[in-house]
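Descriptive analysis of the structure
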Amino acid sequence: MKYISTRGGGQPKSFEEVILTGLAPDGGLYVPEKLPQFSIQEIASWSTLSYQELALKVISPFVDGAIPEQDLEQLIAKSYATFRHDDIAPLVKTGSNEWILELFHGPTLAFKDFALQFLGNLLDYTLEKRQQKVVIMGATSGDTGSAAIEGCRRCNNIDIFILHPHERVSEVQRRQMTTVRADNIHNIAMHGNFDDCQNMVKASFSDQSFLPDGRQLVAVNSINWARIMAQIVYYFWASLKLGGPDQAVSFSVPTGNFGDIFAGYLAHKMGLPIKRLVIATNQNDILHRCISDNDHTTRPLEQSLAPSMDIMISSNFERLLFDLYDRDGAAITQLMRDAKVGSMQLSESALTDARQLFSSFRCDDKGMVDLIRETHQEVDYLLDPHTAIGLAAARVCRTDCHTPMVTLATAHPAKFPDAVKAAGYPRDPELPEHLADLFEREEWFTTLDNDPLAVQAFIANNISV
Ligand SMILES: *Cc1c(COP(=O)(O)O)cnc(C)c1O
């Protein structure tokens, strides 16, 4: 299996090459040259598999021999052994044919663990084989950083540097990063906002001369193909639990950078019967405006109570556009240029195609808080703010009552106490046992100025030999 850039440039790359980098050199994102296809009979035969066994079926064709099957099986087993629920991704019923897929039973209580536990193991295995070491550099507004740190804390061949905006991430999120103590883990609290952190990372990727010879930067945000790949699995999993593949299922996905829902789109393209994919956004609603009104104008960022969905532009949307434009790299290059200067218009045919599968809805803080309160009162279930936005969208965009509607629960409510308390919950929602003493643990981080020389020197000086 080869991987190509959404901007059409460069030669096709191997699986190993794409997981060990960030963007393609032409600025595009890597996608498989051809998607694996599964028949309905084959999918049906997986109905009794464990989550890990199913993951092996779904992931194998993408890896396509780059890792021997037995080793891949072990990597998957190791990655999901850290989850605290036997089902890995359990389903909970909240209404008539309405379900929540709980994706927060991993070490950091957000769905990002599904991809990052696996990515850490996958990278370390690949690097060991190649006798190579790399540097992971990433910016986080919260969930990505802690999931990446947890995913890499035991990796011998990776040094990881995570930048978060100093004093601008929630205390739970900061502590989930800064209380992890390992020689290869470095938290940088940078003066500035999340955009400043992201720009620092981008600039460092484009000129890596500050690194010692033989080292390269690897991205852990959702532009990394392996993250998307690992997320395809739970769409198959949920469907098989709810009568699939004979019964089509719909999914509502709390969306920021479009990585999670893009994995659902791939599951559909690979043969899984999915009726609707609902793009749920908060007040940062560029994707909702794009799907409903063909309005993809960038607007200033609005801070919301569902901060992991606070985005101006969704990076993975480019991967969908690539398909909607019949994989025409030149067309995507032009569209992305338009998007960057403020406005991109989709062609009628691209929009029509997108609407055949995707619906969208915007839910602001008030709607979200109301739904947390109602759901807690009515069915005694505590939603996190991102999941609440997903559920609100699921209810509005539902086409019929026969198709199971699954909302992806992307985080545990205890990660976002502000939203939960705004909904009238009388106290901080309780952290699971393994994090119960989070607020008593010691923290380790370094505060640096928003200055490339300072940040890059810090990295260069702290890379292991
Ligand atoms: C990252 C994140 C999202 C957004 O996921 P994307 O793949 O960026 O669309 C939603 N909810 C939570 C809790 C997250 O951490």
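For clarity, every value in this text was computed on a predicted model and none was experimentally measured.

This part takes up the overall build of the protein chain. The secondary structure content of the protein chain amounts to 18 helices and 15 strands. A compact globule built from 465 residues should have a C-alpha radius of gyration of about 23 Å, and the protein chain, at 21 Å, falls within 12% of that. Judged by the C-alpha coordinates and their principal axes, the protein chain covers about 60 × 55 × 45 Å. Sequence separation of 24 or more characterises 75% of the internal contacts of the protein chain that already satisfy a separation of 6 or more. Summed over its atoms, the accessible surface of the protein chain is roughly 18400 Å², and 47% of this surface lies on carbon and sulfur atoms. If you average the places of the 41 positive and of the 59 negative side-chain charges in the protein chain, the two averages end up 2 Å apart.

Looking along a regular strand, one sees the side chains alternate between the two faces of the sheet. Counting buried positions along strand β7 (residues 185–190) gives six out of six residues, so the element sits mostly inside the fold. Neither face of β7 is open: one carries Ile 185, Asn 187 and Ala 189, the other His 186, Ile 188 and Met 190, and all of them are buried. With six bridges joining them, strand β6 (residues 158–165) and β7 adopt parallel strand pairing. By the bridge assignment, Leu 163 is partnered in β7 with Ile 188. Regarding topology, helix α7 (residues 171–178) serves as the crossover connection from β6 to the parallel β7, and that connection is right-handed. Here three bridges tie β7 to strand β15 (residues 446–448), and the two strands are oriented parallel to one another. Looking at the pairing, Met 190 lines up with Leu 448 of β15.

So, about the nonpolar core. Here is a general trend for soluble globular proteins: nonpolar side chains tend to be buried in one another's company. In this structure, Phe 118, Tyr 235, Phe 236, Phe 251 and Leu 321 are the most contacted members of the largest nonpolar core, which totals 111 residues. If one sorts the elements of this core by residue count, helix α9 (residues 225–241) sits on top with 13 residues. Ignoring any residue separated from it by four or fewer positions in sequence, one finds Tyr 235 in contact with Phe 251, Val 253, Asp 260, Ile 261, Ala 263, Gly 264, Ala 267, Leu 272, Leu 277 and Leu 408.

Right, let's get into the packing of helix α3 (residues 51–63) against helix α4 (residues 69–80). Running from N to C, α3 and α4 cross one another at 130 degrees; their axes reach a closest spacing of 10 Å. By the angle between their directions, the pair α3 and α4 is classed as oblique. As α3 packs across α4, the resulting crossing turns out to be right-handed. Listed contacts from α4 to Tyr 51, Gln 52, Ala 55, Leu 56, Ile 59, Ser 60 and Val 63 of α3 are Glu 69, Leu 72, Glu 73, Ile 76, Ala 77 and Tyr 80. Here the residues of the contact of α3 with α4 are counted per class, giving nine nonpolar, two polar and two charged.

Let us look at the sheet that holds strand β8 (residues 217–218). One open sheet accounts for five strands, arranged β8-β5-β6-β7-β15; its pairing is parallel. The outermost strands of the open sheet, each flanked by one partner alone, are β8 and β15. On the sheet, helix α5 (residues 112–130) packs against β5 (134–139), β6 and β8 and is oriented at approximately 145 degrees with respect to β6.

It is worth spelling out the packing of aromatic side chains at this point. For the coordinates displayed, the defined rule picks out 20 aromatic pairs. Both rings, one in Tyr 3 and one in Phe 15, keep their centres 6.2 Å apart while their planes meet at 50 degrees; by these two values the pair is tilted. Of the two residues, Tyr 3 sits in strand β1 (residues 3–5) while Phe 15 sits in helix α1 (residues 15–19), which places them twelve residues apart along the sequence. An angle of 75 degrees between the planes, with centres 4.9 Å apart, marks the rings of Phe 38 and Trp 46 as edge-to-face. Judged by relative accessible area, which is 4%, Trp 46 ranks as buried. One residue, Lys 241, lies across the ring of Trp 237, its end atom 4.1 Å from the ring centre.

Now for the side chain of Glu 98. With respect to the secondary-structure elements, Glu 98 resides in strand β4 (residues 98–102). The exposure class assigned to Glu 98 is buried, which follows from its relative accessible area of 6%. With residues near it in sequence (within four places) discarded, Glu 98 still touches Val 92, Lys 93, Leu 391, Arg 395, Arg 398 and Met 405.

With ten of its ten residues buried, helix α6 (residues 143–152) lies for the most part within the structure. Along α6, the positions that sit buried rather than exposed are Asp 143, Thr 144, Gly 145, Ser 146, Ala 147, Ala 148, Ile 149, Glu 150, Gly 151 and Cys 152. Looking at the buried side of α6, the elements it contacts are α5, β5, β6, α7, β7 and α9.

This part is about the sheet that holds β4. For sheets, the rule is that strands pair by backbone hydrogen bonds, running either parallel or antiparallel. As summarised here, the arrangement of the six strands in space is β3-β4-β14-β9-β10-β13, forming an open sheet in which the pairing is mixed. The open sheet terminates on both sides in strands that have one partner only, identified here as β3 (91–95) and β13 (358–362). Within this sheet the neighbouring strands show an average axis-to-axis angle of 25 degrees, counted without direction. Sheet topology places strand β9 (residues 249–254) next to strand β14 (residues 405–409); three bridges connect them, and they run parallel. By the bridge assignment, Ser 252 is partnered in β14 with Thr 407. Helix-sheet contacts for helix α16 (residues 385–397) involve β3, β4, β9, β10 (274–281), β13 and β14, and the interaxial angle to β14 is about 165 degrees.

What follows concerns helix α18 (residues 452–462). Within α18 the residues assigned to the buried category are Val 455, Gln 456, Phe 458 and Ile 459. End-on, the buried residues of α18 take up no more than an arc of 155 degrees, which puts them together on one face. Of the exposed residues in α18, those oriented more than 90 degrees away from the buried face are Leu 453 and Asn 461. Against the buried residues of α18 lie β5, β6, β7, α8 (194–206) and β15. The N-cap residue of α18 is Asp 451: its side-chain oxygen and the backbone nitrogen of Leu 453 are 3.0 Å apart.

Calculation rules
- Residues numbered from 1 in each chain as written.
- Predicted model: local features only at pLDDT ≥ 70, side-chain atom pairs only at ≥ 80, totals over all residues.
- Heavy atoms only, no water.
- Helix = DSSP H or I, 4+ residues; strand = E, 2+ residues; numbered from the N terminus.
- Rg over C-alpha atoms; globule rule 2.2 N^0.38 Å.
- Contact = heavy atoms within 4.5 Å.
- Areas by Shrake-Rupley, 256 points an atom, 1.4 Å probe, with all protein chains shown as cover.
- Lys, Arg positive; Asp, Glu negative; His and termini not counted.
- Charge placed at Lys NZ, Arg CZ, Asp CG, Glu CD.
- Buried < 20%, exposed > 50% of the residue type's maximum accessible area, 1.4 Å probe, protein only.
- Pairing = 2+ DSSP bridges.
- Right-handed = clockwise from strand over helix to strand, strands pointing away.
- Core = buried A, V, L, I, M, F, W, Y, C linked by side-chain atoms within 4.5 Å.
- Axes fitted to C-alpha atoms, helices over the stretch in contact; angles between N-to-C directions.
- Parallel < 35°, antiparallel > 145°, perpendicular 65-115°, else oblique.
- Left-handed = near helix turned anticlockwise from the far one by under 90°.
- Nonpolar A, V, L, I, M, F, W, Y, C, P; charged D, E, K, R; others polar.
- Phe/Tyr/Trp six-rings, centres within 6.5 Å; stacked < 30°, edge-to-face > 60°.
- Lys NZ or Arg CZ within 6 Å of the ring centre and 35° of its normal.
- Arc of directions from axis to C-beta.
- Polar contact = N/O pair within 3.5 Å; in protein donor to acceptor, adjacent residues only side chain to side chain.

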